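# A look at the structure
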Number of protein chains: 2
Amino acid sequence: MVQLPILEPMRLRPNGSGPILFVCDHASNAIPEVHANLGLSAEQRADHIAWDPGAAGVTEGLSDLLDCPAILARASRLLIDCNRHPGDVDAIPEISETTSIPGNGDLSPEEVAARIEAYHTPFHAAIDQSRAELGPQIRAVVSLHSYVPVFHGQQRPWHLGLVYNADRRMADVVREGLSADSDLVIGDNEPYSGQDRFYYTLNRHAQTHGIPCLMIEIRNDLIKFPSDQTAWAKILAPMLMKALAKNT
Amino acid sequence: MVQLPILEPMRLRPNGSGPILFVCDHASNAIPEVHANLGLSAEQRADHIAWDPGAAGVTEGLSDLLDCPAILARASRLLIDCNRHPGDVDAIPEISETTSIPGNGDLSPEEVAARIEAYHTPFHAAIDQSRAELGPQIRAVVSLHSYVPVFHGQQRPWHLGLVYNADRRMADVVREGLSADSDLVIGDNEPYSGQDRFYYTLNRHAQTHGIPCLMIEIRNDLIKFPSDQTAWAKILAPMLMKALAKNT
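Residues numbered from 1 in each chain as written. Chains lettered and ligands numbered in written order. Predicted model: local features only at pLDDT ≥ 70, side-chain atom pairs only at ≥ 80, totals over all residues.

### Structural notes on the overall build of chain A
How we decide: Helical segments are the DSSP runs of H or I of at least four residues, strand segments are the runs of E of at least two, and each set is numbered from the N terminus. A radius of gyration in this sense is built from C-alpha atoms; the matching globule rule multiplies 2.2 Å by the number of residues raised to 0.38. Here a residue counts as buried when 20 or more other C-beta atoms sit within 10 Å of its C-beta, as exposed when there are 12 or fewer, and as partly exposed otherwise, the C-beta atoms being derived from the backbone.
Within chain A, the secondary structure is distributed over six helices and 11 strands. The C-alpha atoms of chain A give 17 Å as radius of gyration, which agrees with the globular expectation for 248 residues (18 Å, within 12%). Across its three principal directions, the C-alpha atoms of chain A cover 50 × 45 × 30 Å. Going through the 248 residues of chain A one by one, you find that 46% of them count as buried.

Structure below.
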C-alpha cells in the first residue's frame, strides 16, 4: 500500500459573513519530499506548470475585503490537478506544456489512488464541508487562477479571462462592470474554456447545485507582487458583489 | 481615521479531530502596500526580523500529521507583533535587532490602533473562536517559532528551545523524549524565556485557562526547506502526543 502525507487545504475566514465561497485550486507549488521533486529542477517547480503564481494572493485579498470564506489547495497541481476529475487523462500529467514530468511516469493504480487521497480529496472535502456548514449563506462559488502570458509560443492578449460553463450569470455582470475600463482586454472563455474539462471544481461544487459560479483567470505577470494581487482583488470585489445582487 | 486592510489569519483543519491547537505568530513576512514596505529593502523584509522563516511549514506539518487545527498569522511581525501585548514597548518596534524600521517611527495613537485592529486582533480572535468552537477537545496549545543562529554576534548553540512560563508540563515531557537523541542540544527557556513578555499568546490563550502549553523555537537554518520542516514536524508530533497523554 502506498501512503502519502495528507495535505489539508489552507482556509481563510471559515465563518466569514460574506456570500461567496472563494476557491484556489492551484495556490501552491509544494511537492512533499517523498516525490523527490518529481524529478524537476527548482526553476521548473517555480514555473506556472506547477501552480498559478499570484492566484493565492488575489484569493486572500478577496476573502479579506468581502469577509468571505476561502479554501486554498496546498499541493502542486503536478501531483494531481484539483481542477480535474481525478480520472482525467491529464489529472496527473506526464507532460505539462513542453516539460516532461519524470515523477509522473508509469504510476501504478495504487500510486494514483494515494495521490487522490492525499491531495485531491481533502481539497474537495473542505469545499463540501464549508458549503454544508454555511448553507444558504453561500450564494456563489468563485475560483481564482492565473495563466502565463505566452503559451506554446502564442502571446495571449487578455488581461484577465472570465470562464464559465452553462451558467453565465456571474460572468455577464462582471464583464459588463469591467468593460467600464476600456483599456482592459477581457477574455470570454479565454484563455481556457469552461465548456471543457477545465471546469471541474466549479461544476462539482456550484453548477450542479444551481449555485452561480465563475472562474477568473488573471495573466500572471499582472499579479506577480502582493501589491498587485491586492489591487486586483479591489477591482474584482465590487463587481462580484454586483453580480450577486443582480442574480440572486 | 486611519483604516488598514484586515488580514485574517490562515487556518488549517478548523474541525480537525486532534487535541492540540497549533499557533504560528510569525508565519508571514507580508506587509500590505499601504505601509510602503515600512521603508525596508527586500533583503531586510526576507530576514528573520520580519518573520520566523520555516515556522509555518513546521506548523503545517504538525497539523497534518496529528489532524489538529492550526492558526497562522498573515502579517509581518514588524507591523505589530502578535506575540506581544499590543501596548508593549516593542510590539511595533522602531529598531529590530540592529535594523531601524523607518515606517514604525512616530506613529500616532490612531495609527497604532489601526495596526492592532488590522493585524493583532484578528489573529487572537481566531484563536478564541477555535477554542470556543472545539471546547474541551483542545487539551493543549503549542506555538511554533524559529530563531536566527547568530544574534547580536553571539552564536546560539541549541538546535531547538522549549520555552515555557509557569506551566512546564508539556516542556518537561517533550525534553525527556528529545533527550533520547544525545546529539540534540535543547534550550531550556532559551534562546528566549517564557518568563518574560515573549509568552503573550500562550499566556493569554492557554496558561490563564489552565490549559497545558508550550512554545517551540527551532533554529531557522535547520528548517530552511520544506523537507526539513516536515522532518521536524515528524520528530515533534509523537513527543507532543506523549506529553498530552502524561499530563491530561
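### Quick word on the confidence of the model for chain A
The cut-off we apply is this: Along the chain, pLDDT gives the predictor's confidence residue by residue, from 0 to 100.
Across chain A, the average pLDDT comes to 94, with 99% of residues at 70 or higher. For this predicted complex, the interface confidence comes out at an ipTM of 0.79, alongside a pTM of 0.88.

### With respect to the pairing of strand β6 (residues 140-147) of chain A
Residues and elements named next belong to chain A. Note the cut-off: Pairing between two strands is assigned when DSSP locates at least 2 bridges connecting them.
The buried fraction of β6 amounts to eight of the eight residues, a majority that puts the element mostly inside the structure. What you see with β6 is no split at all: A140, V142, L144 and S146 on one side and V141, S143, H145 and Y147 on the other are buried throughout. With four bridges joining them, strand β2 (residues 20-24) and β6 adopt parallel strand pairing. Bridge pairing in β6 places L21 opposite V141. The pairing of β6 with strand β11 (residues 213-219) spans seven bridges and is parallel. By the bridge assignment, S143 is partnered in β11 with M215.

### A closer look at the nonpolar core
Generally speaking, nonpolar side chains in soluble globular proteins are found buried as a group. For the record, the criterion: A set of buried residues drawn from Ala, Val, Leu, Ile, Met, Phe, Trp, Tyr and Cys, joined through C-beta atoms within 7 Å, is what defines a nonpolar core. Residues are treated as contacting if the C-beta atoms built from their backbones sit within 7 Å of each other.
Of all hydrophobic cores here, the largest spans 130 residues; its most connected members are A:F22, A:C24, A:L214, B:F22, B:C24 and B:L214. Aside from chain neighbours lying at most four places away, what touches B:C24 is B:A55, B:A56, B:T59, B:A70, B:L72, B:A73, B:S143 and B:L144.

### Some remarks on the relation of the copies chain A and chain B
Heads up, the rule is: A residue counts toward the fit only if its pLDDT is at least 70 in both copies, and the copies are then superposed by least squares on the C-alpha atoms of those residues.
The transformation that overlays chain A on chain B combines an axial shift of 0.0 Å with a rotation of 180°, and the residual RMSD is 0.0 Å. On the angle and the small slide along the axis, the relation comes out as a two-fold axis. Nearest to the rotation axis, the C-alpha of A:R11 is located 2.5 Å from it, this being the minimum over chain A. A high fraction, 94%, of the interface residues of chain A reappear at the interface in chain B, so the copies pair face to face through one surface.

### Digging into the environment of B:W158
Within the secondary structure, B:W158 sits in the loop between β8 (154-155) and β9 (160-163). Along the chain, B:W158 and B:T59 lie 99 residues apart, while their C-alpha atoms are 20 Å from each other.

### Some points on the interface of chain A and chain B
Formally: The classification used treats Ala, Val, Leu, Ile, Met, Phe, Trp, Tyr, Cys and Pro as nonpolar, Asp, Glu, Lys and Arg as charged, and all other residues, Gly among them, as polar.
Taken together, the 17 residues of chain A in the interface contact 16 residues of chain B. When its residues are assigned to classes, the side of chain A that touches chain B shows nine nonpolar, three polar and five charged. By the bridge criterion, three bridges tie strand β1 (residues 10-12) of chain A to strand β1 (residues 10-12) of chain B in an arrangement that is antiparallel. Looking across to β1(B), one finds that A:R11 is bridged to B:R11.

### Quick word on the packing of helix α4 (residues 169-178) of chain A against helix α6 (residues 226-247) of chain A
Residue and element names in this part refer to chain A. This is how the line gets drawn: Every angle, taken between N-to-C directions, lies between 0 and 180 degrees, and every axis is a line fitted to C-alpha atoms, over only the stretch in contact when it is a helix. Angle categories: roughly parallel below 35 degrees, roughly antiparallel above 145, roughly perpendicular from 65 to 115, and oblique for all the rest. By the definition used in this description, the sense in which the near helix is turned from the far one sets the handedness, with an anticlockwise turn below a right angle giving left-handed and a clockwise turn giving right-handed.
At their nearest, the axes of α4 and α6 sit 8 Å apart, and the two run at 130° to each other. Overall, the two elements α4 and α6 adopt an arrangement that is oblique. Judged by the twist between their axes, the crossing of α4 over α6 is right-handed. Residues R169, M170, V173, V174, G177 and L178 of α4 form the contact with α6, whose participating residues are M239, L240, K242, A243, K246 and N247. Tallied by class, residues from the contact of α4 with α6 come to seven nonpolar, two polar and three charged.

### Comments concerning helix α3 (residues 109-134) of chain B
Residue and element names in this part refer to chain B. Just so we agree on the cut-off: Expected helix span is given by 1.5 Å per residue-to-residue step, counting one fewer step than there are residues. Note on bend: at a given residue it equals the angle between the axes fitted to the 7 residues ending there and to the 7 starting there.
Across its 26 residues, α3 extends 36 Å between first and last C-alpha, which sits within 8% of the 38 Å expected from 1.5 Å per residue. The largest bend in α3 is about 40°, located at T121, with the proline P122 one to four residues further on. Inspection of α3 places R115, A118, Y119, H120, P122, F123, H124, A126, I127 and S130 among the buried residues, and these make up the whole buried set. Buried residues belonging to α3 abut β1, β2 (20-24), β3 (70-72) and α5 (200-205). Where α3 terminates, the next one or two residues include G135, which has phi positive at roughly 55°.

### Here's the deal with helix α2 (residues 55-66) of chain B
Residues and elements named next belong to chain B. Over its 12 residues, α2 runs 17 Å from end to end, which matches the ideal 16 Å to within 8%, given 1.5 Å per residue. The buried fraction of α2 is high, at 11 of 12 residues. Residues of α2 that are buried include every one of A55, A56, G57, V58, T59, E60, G61, L62, S63, D64 and L66, and no others. Tucked into the core, α2 has its buried residues touching β1, β2, β3, β6 (140-147), β11 (213-219) and α6 (226-247).

### A closer look at the packing of helix α2 (residues 55-66) of chain A against α6(A)
Residue and element names in this part refer to chain A. In the contact formed by α2 and α6, the axes pass within 8 Å of each other and the chain directions differ by 50°. It follows that α2 is oblique to α6 by the angle criterion. In the packing of α2 onto α6, the handedness of the crossing is right-handed. On the side of α2, the interface is formed by G57, V58, G61, L62, L65 and L66, while α6 contributes P226, Q229, T230, W232, A233, K234, L236, A237 and M241. Among the residues making up the contact of α2 with α6, the classes are represented as 10 nonpolar, four polar and one charged.

### Observations regarding unusual backbone geometry
Between A:E190 and A:P191 the backbone carries a cis peptide bond, its omega angle lying at 0°. On the secondary structure map, A:P191 appears in the loop between β10 (186-188) and α5 (200-205). Of note, B:A36 is a non-glycine position whose phi angle comes to about 50°, a positive value. Relative to the helices and strands, B:A36 is located in the loop between β2 and α1 (42-46). Residue classification places B:A36 among the exposed residues on the basis of 12 C-beta atoms within 10 Å.

### Structural notes on the environment of B:H35
All names here are of chain B. In this fold, H35 is placed in the loop between β2 and α1. Since 17 C-beta atoms lie within 10 Å of it, H35 is described here as partly exposed. Spatially, the C-alpha atoms of H35 and A70 are 28 Å apart, while their sequence positions differ by 35 residues. Beyond its immediate chain neighbours, meaning those up to four positions away, H35 contacts L79 and G103.

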